[in-house]
Amino acid sequence: MDPGIRSTPKPKLKLPNEESNAARVDSSHLESSTEEKTETHSSITTFSNDQPSSSEENKYIVDESSGSINTISVRFRPTNIIYKVCVHQNMTVKEIINDVCQQANMYAAAHCYLWFDFRELIADEAIFENGLYQTSNEKDRLPEVRLRLIQILEKSLHIGKDIFLASPEHINLKEIMNISSPSKKEDIQPIILKEIVTEIVKNTFTHDQLVRKEQNIFIPLPTFSKQSIDTLPTINVTIPLKPNQFDWNEYLRCLANDLEIESTDLIIVNVVEGSTIFKLKLVPKLTRFWKKIKKIAAKISIMILPKCEQFIIKHNSSNLVSVEKIKIEIENFEKNNFIDGSNCLSLDEIDTALKFCKRPALMNKNCWELLMEKNRHIHTIIMQSLQSCTDEYIIDYVSIIYNEKIYEEYQNFVLEDQNERVLFHGTKIANFDGIFEANFQNYFGTKRTDPGWYGQGIYFSSSPQTALNYAKDNSKMRYLLCSLVRLGKTLEIKDRISFFGKPMHSDYDSHYIQIRNNGCPIQPGETSVFDEYVIKRSEQIMPLYIIGLLQVSRFVIWRDAKITNEENVNLFKKMREKYAFNIYGCQTSVEALDILKIKLRNKSEMNTVVITNGADDGEGFVRDCRKIQPSLPITVYCRNKSHHQQWAATIQGPNINVTSSSTKVFNFITTTLQD
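Residues numbered from 1 in each chain as written. Predicted model: local features only at pLDDT ≥ 70, side-chain atom pairs only at ≥ 80, totals over all residues. Heavy atoms only, no water.

## Some words on empty space enclosed by the protein
Then step 1. Summed over the entire model, instances satisfying the criterion amount to 10 cavities of 30 Å³ or more.
Then step 2. Volume-wise, the largest cavity comes out at about 180 Å³.
Then step 3. Residue lining of the largest cavity: 14 residues in total, with Ser225, Met383, Arg576, Phe581 and Asn582 positioned closest to the centre.
Then step 4. When residues of the lining of the largest cavity are traced back to their parent elements, those giving at least two are helix 9 (365-386), strand 14 (392-402), helix 13 (566-578) and strand 23 (582-586).
Then step 5. Of the residues belonging to the lining of the largest cavity, the class tally is 9 nonpolar, 3 polar and 2 charged. (1 Å grid on protein atoms, 1.4 Å probe; cavity = no way out; pocket = protein on both sides within 12 Å on 5 of 7 lines; lining within 4 Å. Points joined across faces, edges and corners; volume = space filled by probe spheres on them. Helix = DSSP H or I, 4+ residues; strand = E, 2+ residues; numbered from the N terminus. Nonpolar A, V, L, I, M, F, W, Y, C, P; charged D, E, K, R; others polar.)

Here you go:
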């Protein structure tokens with residue numbers, strides 16, 4: 001890990017022993033109003049952004065004799081209404097939250113926080129300690145009271161499955177992942193997961209291979225977007241048998257024999273029940289041999305597959321004279337089409353990705369639903385962090401790490417204070433063998449990226465973005481390990497000198513440090529934006545997931561207050577399936593503009609498309625986008641096409657695409673961003 005490299009910070013305020021009480025909220029709370037409203041509460045007057053008071057344009061006025069500030073304007077995010085709050089110099093952030101919630105008739109102050117200047121403010125701090133008085137009342141930079149939002153909403157099934165909102169709410173990782181405190185075996189290795197592992201072991205290891213308890217089993221999570229393995233030669237096989245009628249591993253050996261390759265050269269990446277359909281990938285090493293690939297394609301095209309035909313006849317129970325034949329289709333067998341040049345990945349990296357994407361041949365509905373749920377959990381967490389990262393990454397694959405021996409060691413290691421956290425560790429492919437074979441190690445002689453800024457231990461962060469900085473090398477693929485970590489007794493570090501290159505404190509199980517975006521400790525009075533944890537022993541760590549992230553230079557921002565309605569979600573889902581880059585969904589202009597500023601800052605090679613509705617001051621949003629980048633490609637997706645074309649024509653730069661057709665939105669994205 002290289003502490004000297006840092007990305008733009010993701011706001012975070014967490015102390016070692018804090019747990020966020022994030023609240024699940026119904027999707028109706030997310031619907032922003034199409035215009036900001038005027039409200040009156042008691043003797044306090046509120047106003048619309050469209051009609052700002054004269055005092056709003058000035059700095060906050062401090063009356064030093066009385067120690068008070070006149071008023072500040074605060075937006076209540078769930079309804080988009082702005083409230084006036086009378087404040088005094090010693091007033092705390094918590095008091096502002098309570099005041100706004102009372103005005104809004106929203107009795108959820110305990111589940112709210114105050115967002116200001118791209119960060120969450122500490123509830124017990126006085127407003128003079130966090131800079132509230134230092135800013136002007138620009139309508140798009142007002143302090144906001146926000147709900148602590150978990151983006152897996154039980155009552156809105158499309159949320160979390162197909163769309164991830166690019167809103168910067170602080171989220172509790174353990175709560176999102178449904179891990180109790182303290183954790184239980186059912187949280188980490190549920191019985192139903194064991195069923196999947198049994199199926200993988202049965203069909204992955206031959207009879208003469210001993211499967212030990214310490215053996216790592218990787219269970220891929222469902223993927224619905226493009227991946228780095230998509231360009232490998234692909235064989236789609238439809239077998240006219242029911243899944244319970246045959247041993248698929250035996251069938252693969254027959255197919256490999258017919259194609260004159262090893263059975264290990266065929267990797268299952270997807271299976272559909274019914275007349276069982278296998279999606280198989282050829283391993284990357286075969287793509288080095290064009291003649292062999294050409295021969296495989298020729299055999300399939302004329303169906304010279306005697307072993308497979310005999311297999312079907314043998315297992316057919318209908319006793320019919322005529323047996324339905326196998327159907328086979330191939331993809332990506334053209335020369336020079338095996339590896340997508342835009343990915344710039346080596347065959348070894350593609351091979352690693354394929355290893356983590358290998359699926360069991362069959363799983364029941366309950367198993368599949370479990371993997372879908374875990375997929376939503378980890379995607380919500382990662383996407384939340386990627387949006388504020390200066391570099392752009394897509395999730396290429398995620399696999400569960402299943403290891404019974406490591407779990408037993410984790411459970412049996414007793415600490416006085418367990419203090420569990422879900423944390424992230426960035427690593428490189430060269431470190432995989434050591435990590436997966438012996439878990440994380442921390443002993444004299446262990447290979448280290450640096451001497452250890454805050455002590456010689458195993459480094460983690462609660463932010464995937466921070467951990468990503470330690471995964472960087474010459475490749476575009478980055479690897480994160482998501483783990484459950486027992487911090488035990490934690491020592492908070494304040495400087496780089498005390499433990500630089502030294503063993504950790506003998507009386508503590510972990511070190512904790514709040515850092516700036518350059519990796520250095522924060523100074524008194526500064527706000528923490530990142531954190532790092534230094535863990536003493538590998539027994540404190542339970543690896544949960546391996547995550548492959550591919551660095552790209554393209555993304556889409558879609559701004560619409562109603563982006564979570566059914567029509568938009570269906571369109572969003574199609575975009576994710578079609579494109580190999582992120583689609584960031586934003587409900588407000590502020591969120592969309594923040595992402596644009598972070599991603600496009602000094603990045604001439606970064607390409608993006610902005611989609612916006614015409615309502616909710618679409619014109620103002622488009623003009624603000626063009627201030628960030630004058631040539632930014634923008635499409636207005638709206639119903640009243642003629643009305644929005646009028647103002648779009650007045651904006652300088654390339655023509656604004658205005659359309660009411662989703663097909664034309666897709667065409668605009670494809671033309672602008674696809675290679």
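## Section: the sheet that holds strand 18 (residues 490-492)
Then step 1. The sheet built from 4 strands is open, its strands ordered 16-20-19-18 with mixed pairing. Of all strands in the sheet, those with a lone pairing partner are strand 16 (458-460) and strand 18, marking the two edges. The sheet shows a mean angle of 25° between the axes of neighbouring strands, taken without regard to direction.
Then step 2. As paired strands, strand 18 and strand 19 (residues 510-515) are joined by 3 bridges and run parallel to one another. Looking across to strand 19, one finds that Glu492 is bridged to Tyr512. (Pairing = 2+ DSSP bridges. Axes fitted to C-alpha atoms, helices over the stretch in contact; angles between N-to-C directions.)

## Regarding unusual backbone geometry
Then step 1. Residues Ser181 and Pro182 are joined by a peptide bond in cis, for which omega reads -5°.
Then step 2. Checked against the element boundaries, Pro182 lands in the loop between helix 2 (173-176) and helix 3 (185-188).
Then step 3. Backbone geometry at Met303 places phi at a positive 55°, although glycine is not the residue there.
Then step 4. Relative to the helices and strands, Met303 resides in the loop between helix 6 (290-301) and helix 7 (306-315).
Then step 5. Owing to a relative accessible area of 29%, Met303 belongs among the partly exposed residues under this scheme.
Then step 6. Even without being a glycine, Asp616 presents a positive backbone phi close to 55°.
Then step 7. By the element assignment, Asp616 lies in the loop between strand 24 (607-612) and helix 15 (618-628). (Buried < 20%, exposed > 50% of the residue type's maximum accessible area, 1.4 Å probe, protein only.)

## Comments concerning the packing of aromatic side chains
Then step 1. Scanning all chains against the criterion turns up 12 aromatic pairs.
Then step 2. Each ring, one from Tyr512 and one from Tyr533, has its centre 4.9 Å from the other, and the planes form 50°; the classification is tilted. Within this pair, whereas Tyr512 is found in strand 19, its partner Tyr533 is found in strand 20 (residues 530-535), the two being separated by 21 residues in sequence. For the pair Tyr512 and Tyr533, a shared accessibility class is recorded, and that class is buried. (Phe/Tyr/Trp six-rings, centres within 6.5 Å; stacked < 30°, edge-to-face > 60°.)

## With respect to helix 15
Then step 1. For helix 15, the set of buried residues is Gly618, Gly620, Phe621, Val622, Cys625 and Arg626.
Then step 2. The inward-facing, buried residues of helix 15 contact strand 22 (554-559), helix 14 (589-600), strand 24, strand 25 (634-637) and helix 16 (641-648). (Contact = heavy atoms within 4.5 Å.)

## As for the pattern of salt bridges
Then step 1. Scanning the model with the defined rule gives 17 salt bridges in all.
Then step 2. Ionic pairing is found between Glu392 and Lys599, a salt bridge with its closest N-O pair at 2.7 Å. Placement of the pair is Glu392 in strand 14 and Lys599 in helix 14, with a sequence separation of 207 residues. Both residues of the pair, Glu392 and Lys599, count as buried.
Then step 3. A salt bridge links Lys405 to Glu409; the nearest nitrogen and oxygen atoms lie 2.7 Å apart. Separated by 4 residues within a single helix, Lys405 and Glu409 lie in helix 10 (residues 404-412), roughly one turn from each other.
Then step 4. Residue classification places Glu409 among the partly exposed residues on the basis of a relative accessible area of 32%.
Then step 5. A cluster of three or more residues bridged by salt bridges with shared partners is formed by Arg75, Glu144 and Arg146. (Salt bridge = Lys/Arg side-chain N within 4 Å of Asp/Glu carboxyl O.)

## A look at the sheet that holds strand 25
Each strand in a sheet pairs with its neighbour through backbone hydrogen bonds, running either in the same direction (parallel) or in the opposite one (antiparallel).
Then step 1. Strand order in the open sheet formed by 5 strands is 23-22-24-25-26, with parallel pairing between adjacent strands. With one partner strand each, in any of the chains shown, strand 23 and strand 26 (657-659) form the two edges of the open sheet. Recorded for the sheet is a direction-independent mean angle of 20° between the axes of neighbouring strands.
Then step 2. Pairing of strand 22 with strand 23 involves 5 bridges; the strand directions are parallel.

## A few points about the environment of Thr276
Then step 1. Summarising the element assignment, Thr276 is placed in the loop between strand 11 (266-272) and strand 12 (277-282).
Then step 2. For the pair formed by Thr276 and Pro243, sequence separation is 33 residues and the distance between their alpha carbons is 6.2 Å.

## Digging into the nonpolar core
Then step 1. Of all hydrophobic cores here, the largest spans 65 residues; its most connected members are Ile219, Tyr545 and Ile547.
Then step 2. Once residues within four sequence positions are removed from consideration, Tyr545 is found in contact with Met177, Leu221, Lys374, Ile378, Val398, Ser399, Ile400, Ile401, Leu480, Leu481 and Cys482.
Then step 3. With 64 residues, the next largest nonpolar core counts Phe246, Leu354, Phe440 and Ile535 among its residues. (Core = buried A, V, L, I, M, F, W, Y, C linked by side-chain atoms within 4.5 Å.)

## Let's talk about the side chain of Thr380
Then step 1. With respect to the helices, strands and loops of the structure, Thr380 is situated in helix 9.
Then step 2. Judged by relative accessible area, Thr380 falls into the buried class, the value being 1%.

## A word on the confidence of the model for the protein chain
Low-pLDDT portions of the prediction should not be read for the details of their coordinates.
Then step 1. Averaged over every residue, the pLDDT of the protein chain is 77; the share at 70 or more is 76%.
Then step 2. Taken as a whole, residues 1-68 scores under 50 in pLDDT and shows 201 contacts with residues more than four places along the chain or in a different chain.
Then step 3. Between residues 150-169, whose pLDDT stays under 50, and residues either more than four places distant or in other chains, the model counts 75 contacts. (pLDDT = per-residue confidence, 0-100.)

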